[in-house]
Number of protein chains: 4
Amino acid sequence: MAQPKFKQLERAYGFDEVSLVTGDTTINPNQVDINFTLGGLTFPMPILAAAMDAIVDPTFAIKFSNLGGLAVLNLEGVQTRYDKPDEILDRIAQTPETEVTALLQTIYSEPIKENLVGRCIEMIKKAGAVCAASVTPANAKRLSPIAKDAGIDVLIVQSTVTTARHISKSYRGLVLPELCQTMSLPVIIGNCCSYSAALELLRTGVDGIMVGVGPGAACTTREVTGVGVPQVTATIECAAARDSYFKETGKSTAVITDGGIRTGGDLCKSFAAGADAVMIGSPLAQSYEAPGNGYHWGMSHSHPALPRGTRIKVGRTAPVEQILFGPTSVTNGTQNLIGALRTSMGVCGARNIKEMHKVRMIIAPSIKTEGKYFQMTQLVP
Amino acid sequence: MAQPKFKQLERAYGFDEVSLVTGDTTINPNQVDINFTLGGLTFPMPILAAAMDAIVDPTFAIKFSNLGGLAVLNLEGVQTRYDKPDEILDRIAQTPETEVTALLQTIYSEPIKENLVGRCIEMIKKAGAVCAASVTPANAKRLSPIAKDAGIDVLIVQSTVTTARHISKSYRGLVLPELCQTMSLPVIIGNCCSYSAALELLRTGVDGIMVGVGPGAACTTREVTGVGVPQVTATIECAAARDSYFKETGKSTAVITDGGIRTGGDLCKSFAAGADAVMIGSPLAQSYEAPGNGYHWGMSHSHPALPRGTRIKVGRTAPVEQILFGPTSVTNGTQNLIGALRTSMGVCGARNIKEMHKVRMIIAPSIKTEGKYFQMTQLVP
Amino acid sequence: MAQPKFKQLERAYGFDEVSLVTGDTTINPNQVDINFTLGGLTFPMPILAAAMDAIVDPTFAIKFSNLGGLAVLNLEGVQTRYDKPDEILDRIAQTPETEVTALLQTIYSEPIKENLVGRCIEMIKKAGAVCAASVTPANAKRLSPIAKDAGIDVLIVQSTVTTARHISKSYRGLVLPELCQTMSLPVIIGNCCSYSAALELLRTGVDGIMVGVGPGAACTTREVTGVGVPQVTATIECAAARDSYFKETGKSTAVITDGGIRTGGDLCKSFAAGADAVMIGSPLAQSYEAPGNGYHWGMSHSHPALPRGTRIKVGRTAPVEQILFGPTSVTNGTQNLIGALRTSMGVCGARNIKEMHKVRMIIAPSIKTEGKYFQMTQLVP
Amino acid sequence: MAQPKFKQLERAYGFDEVSLVTGDTTINPNQVDINFTLGGLTFPMPILAAAMDAIVDPTFAIKFSNLGGLAVLNLEGVQTRYDKPDEILDRIAQTPETEVTALLQTIYSEPIKENLVGRCIEMIKKAGAVCAASVTPANAKRLSPIAKDAGIDVLIVQSTVTTARHISKSYRGLVLPELCQTMSLPVIIGNCCSYSAALELLRTGVDGIMVGVGPGAACTTREVTGVGVPQVTATIECAAARDSYFKETGKSTAVITDGGIRTGGDLCKSFAAGADAVMIGSPLAQSYEAPGNGYHWGMSHSHPALPRGTRIKVGRTAPVEQILFGPTSVTNGTQNLIGALRTSMGVCGARNIKEMHKVRMIIAPSIKTEGKYFQMTQLVP
């Protein structure tokens, strides 16, 4: 019987399925350029700290800015809902696994206090740090003017999935071109994960897009809703959108890979896939300075009716400076992330992030030789 | 040496191997339309409760109908073989794992009582609920008139595999066009799993087909007989048959994905593969209202000579209403299935089930970041 | 830099990676024809019992012949090296894992006694059973005349890998056309695993070929030498060679899949890949009648310098008749193999083995829903 | 929306993903030729012992040379940093897992003593053995003249990744053509893993290249930096570069697969992928003669700021002669490597290493039947 053409499925790839191929030239790691430019701002390090309560509070943001990165304060988290957020963070850490989702649902139902929004931002700015803050699309109109007045340098409008067009009867959707114009500072929007959605977002006039739906360590979006794109393919598609948009307009914009990065290897692969910067969560949640007390949880974990995610115990392993720059005696890729990036760029022959975008990447599922090796020696008498 | 063309094998995909890509538009989850139409009937929710003894008894059927779904009563299970089915169900729950297959073989060798068939259906109809009932092809001629007289609304003729043509010397096979004409109510037939078999079934005049051979949680058909088609590919092929049949005749028919759906994610992927509705088993077996006492088993588990399947302990986790509509504090995708479907359709930009059929689906093996993450932190001193 | 074409690798498939698709017609399992023809002989059941000491001794051979299959006696095993083989078999069963390879190396260094070869065969023939016996190529010239005189019905010349051409300085290789002519009874040769090697073997005039290198449960050939072809692809290629040879000569020959079959599912897939019969080991080693005392080991396990394989504890689970024909209460596919084959052919619409060769087969890695299911319920509070 | 062509990823393969197909001819294993030629030297065995402190000290190098192989002494390891290296090796073996990386960082920060370089080499030469020694590119200019004067036969310039061009401001890179000319003895350089980088290295005039980045048992390069190419694909590409270079110049050079080889199977696959010789580490670290006391660690494990690798307990299982030549009672592929190579070449019909390069190789993920088998029997009552 003649068959019609069935629905076609393309293959997508995640970090564990790819690796990088060394170049024909090698470069001294100290001589590679890892600057990151966003709108008019330039950062010496292409890393954003995730807008999560377990990672960024004002103190962490100041420290991270001093180290050259950009920490993003969540304007809808415990810092802006509670006068004494540390007490809340302690409670989260002390609640047993089986009760924590319900607790988070309660905690995040407390209203956001506009005065606390201002207080947090001013605290960061007063210390001379660069300040980025995130809001959801639903609250963008209300909170972004307050944040601007308090002095933020970068605004991030972020939800699990944000598109240039939103259909709703209950409220008039956020109009991104208007927002960009009003703010007159770099605006980043996210998250997205496909070429077409990324291109539509860029055309609204934003300076950067966040890439990543459903790949993060503290996220079960895919288990719950079936939605998720592995991060390498998502980044490749959105980077292609950035390049298309540059061809259309001549305007440079930034692709920021957000979610699922756990090691130096994942971070390096993000850049080879086309990222201009990465936003990381769990590697920083392990730092002594992170406010999560050795725990980590995602922001959709507290959805009142359909929570996604799990609280993960990550432990406290090292100061944030060591996690970023080493030196380290840990060999599993969770420390000295910048050293790893420089080494990777060096052996791949990439003098800067733009050249790293062109490094050859192959499909090569993780080998896990160690596990196997031990298994083998157990067979030996 | 020149080689002939060898036997060709195509790749097929299951739920865990695919995921959905978010759309270029997003929609408020409350504003997506999830109606399901079968023959002349319309249901507010595209979910059928599986015709299994651990899930549907008359009480459950009434409850499920009131919630907007369609529960299917198995007319060849304990409800129609035993006067006091609850005693039998208790015995199954109390029998140890190693003896349960033999017990099921005995239990299901008891003859079906025609008076009990009538009694069950009348009980459901008297409560004002919609009533669907299932029979095997071998018993369809005998039981379906009784069921019709008792007032069923939908007839399901179901065996592991049913085709439009059956070769047998011992009995004259069921003639489906005759059955459809005699019943003059919506008839669903199944299961099938390929384009050609689905199209032949549709051409007999049925209103819907059940899709799924060998993918369910309580089924070992593939281990025993080598037969089985992963559910995403099976649904894609059968949906293409529905579309071909619509082109041929202009008649709308329904594709119902049956088996292997354990989470909201699996359910959402079924619709994106082309299903008009899904039949679910194990998610509902976990409800307080399910008659299986926290256990779940398949109907081919009791085959007298070649049993397939295992009894699975699923536990009792929540009321069926919560499993379907939430709210929930469980984050693994087993509760708030309708909330998950609405959210998924919202982020994929699908305004109704027909648009969900067109959502982009990619091949993306499960990531299981959590497990890996923990493994990594264990390496950290 | 322009690259030359690199060495190409094709994908090969094993049992766990494929499954069968149901047909457009179904057939009553009792009405499918599963006869197997070899040379002039016809067997009611297409199953050979493997020429392994843990499975076939004269008593087992008689029983298996009475059930309709063809058991193959290894003429170079303990039955022909020892006057009291049962004592040897007991010693193997009682030796701890760490010492058993060394013990097997010693046991199989005992010379073969020609009088025992005759005695074993006569014992089988006296009982009225069909008798097949196997020899290695190196011993074929010496042992096959003795076996013929003692009355064997089928000769199998078998080593890990046998080709039509062998390069050696130390002895003149076995000339297969001569052997076939001298014996004037069905000759089977093996093992092979590719189209070209199979075709060359068939052209020597043999009646059948054994297919399988490195896929069996008690074999580590691939770990040790890197050599091995997954059984589905090996069978597909060798079946194509059989078909090519039939086109060349009009002579019917048999393809026998040997190794790696553990369940009814594996067995059914072998036929769908093109096998005319299967040789099975571990499923029969589990029978009460098998001489291995609940253990199973391969014949290359005793190689004096490079042993491959492991002794596996398979247990004793049922009489051989139940393993072949059921009924059973075991649901994992290890019992009622013939029932499984008939059911599989029935749902796939294959009236005989030749039609089973044409059944649609897809690539569909094992789903293992059970394991996953339990994992999920553990997450539920 | 029309999409541009996204970044393309090719699939790469490792040892566990491929296997070899038997030939149309078989050869007596004793009659295959396994000679290895490098520059003007010929070795009876195509195996190099890895330049790692756990494997090669002068005593081991002499033994290995007598057996026909080529052991490589690391001129930047404990043998040339410490007067009493055995004390250091004992300390490494006695330090607990959690402290060993820090210890290695300290141990390898001790300066290299030029007099010890000479002493080690002279000790090997005095015993009449062939002597190969390795240096890193950074130290090549300083140490290679000393090594030459002391009498080495083969020089290996090795770092994780070495290219023909290196960009650095701090020092003028090593000029390979100069080095080759000055040394006037066989020079091998590595490691590399792609066609283009391999070809550039060969064009500098070296006699051989080492292939392998990130695949070894004691290496976590890929986890840390994202870089790594599975060994089968890396070898196939570099062998193609050797063949291209031969076409360009008529000069024969050697491709040496280095890293990730744990069994006879891996070793055989390396040759089928195109290797002329292999360098092995962990299989030899298990020998009684290895100086690592039953432990094994990589040379990048001691990087002061970004250590990669883990110390692995491999145990001490047999004399090196038995590991290479058997006989053995171990069936997991870790002993009788040369017997395995001869057997593999025999069944694949390869009379020498060049013919082994042409053996058919297929993609066939590991089957692990044993594990599965046991799992199945556990289900049987």
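Fair warning: this is a prediction, and the values are worked out from it, not measured in the lab.

Conventions and cut-offs
- Residues numbered from 1 in each chain as written.
- Chains lettered and ligands numbered in written order.
- Predicted model: local features only at pLDDT ≥ 70, side-chain atom pairs only at ≥ 80, totals over all residues.
- Least-squares fit on C-alpha atoms with pLDDT ≥ 70 in both.
- Contact = placed C-beta atoms within 7 Å.
- Axes fitted to C-alpha atoms, helices over the stretch in contact; angles between N-to-C directions.
- Helix = DSSP H or I, 4+ residues; strand = E, 2+ residues; numbered from the N terminus.
- Parallel < 35°, antiparallel > 145°, perpendicular 65-115°, else oblique.
- Left-handed = near helix turned anticlockwise from the far one by under 90°.
- Nonpolar A, V, L, I, M, F, W, Y, C, P; charged D, E, K, R; others polar.
- Pairing = 2+ DSSP bridges.
- Buried ≥ 20, exposed ≤ 12 C-beta atoms within 10 Å, placed from the backbone.
- Right-handed = clockwise from strand over helix to strand, strands pointing away.

**What to know about the relation of the copies chain B and chain C**
Right, on to step 1. At an RMSD of 0.0 Å, chain B and chain C line up after a rotation of 90° and a shift of 0.0 Å along the axis. The relationship between the two copies is best expressed as a four-fold rotation axis. Relative to the rotation axis, the closest C-alpha in chain B is found at Pro365(B), a distance of 8.2 Å.
Right, on to step 2. Both copies present different contact surfaces, since only 4% of the interface residues of chain B are interface residues in chain C too.

**Looking at the packing of helix H11 (residues 264-273) of chain B against helix H14 (residues 337-348) of chain B**
What describes two packed helices is the angle between their axes and the distance between those same axes.
Residue and element names in this part refer to chain B.
Right, on to step 1. Between H11 and H14, whose axes approach to 9 Å, the crossing angle comes to 50°. Considering the angle they form, H11 stands oblique to H14. Where H11 crosses over H14, the handedness of that crossing is right-handed. Of the residues in H14, those in contact with Gly264, Leu267 and Cys268 of H11 are Leu337, Ala340, Leu341 and Ser344.
Right, on to step 2. The residue makeup of the contact of H11 with H14, split by class, is five nonpolar, two polar and no charged.

**Digging into the sheet that holds strand S12 (residues 208-211) of chain A**
Residue and element names in this part refer to chain A.
Right, on to step 1. Taken together, the eight strands give a closed barrel; going around it, the order is S6-S7-S8-S9-S11-S12-S13-S14, and neighbouring strands pair in parallel fashion. If you compare each strand with its neighbour and ignore which way they point, the axes differ by 25° on average.
Right, on to step 2. Of the strand pairs in this sheet, S12 and strand S13 (residues 254-258) are connected by four bridges, and their pairing is parallel. Looking across to S13, one finds that Gly208 is bridged to Ala254.
Right, on to step 3. Lying over the sheet, helix H8 (residues 195-202) contacts strand S11 (187-192) and S12, oriented at roughly 160° with respect to S11.

**Focus on unusual backbone geometry**
Residues and elements named next belong to chain D.
Right, on to step 1. Cis geometry is adopted by the peptide bond preceding Asn191, which originates at Gly190 and carries an omega value of 0°.
Right, on to step 2. With respect to the helices, strands and loops of the structure, Asn191 is situated in strand S11 (residues 187-192).
Right, on to step 3. Between Gly326 and Pro327 the backbone carries a cis peptide bond, its omega angle lying at 0°.
Right, on to step 4. Considering the arrangement of structural elements, one finds Pro327 in the loop between helix H13 (320-325) and helix H14 (337-348).
Right, on to step 5. Its identity is not glycine, yet Asn293 carries a phi of approximately 55°, on the positive side.
Right, on to step 6. One can find Asn293 in the loop between helix H12 (282-285) and strand S15 (295-296).

**A closer look at the pairing of strand S13 (residues 254-258) of chain C**
Right, on to step 1. Burial analysis of S13(C) places five of its five residues in the buried class, which makes it a mostly covered element.
Right, on to step 2. Once you follow S13(C) into helix H11 (residues 264-273) of chain C and on to strand S14 (residues 277-280) of chain C, the crossover reads as right-handed.

Don't take any of this as a statement about function, it's just geometry.
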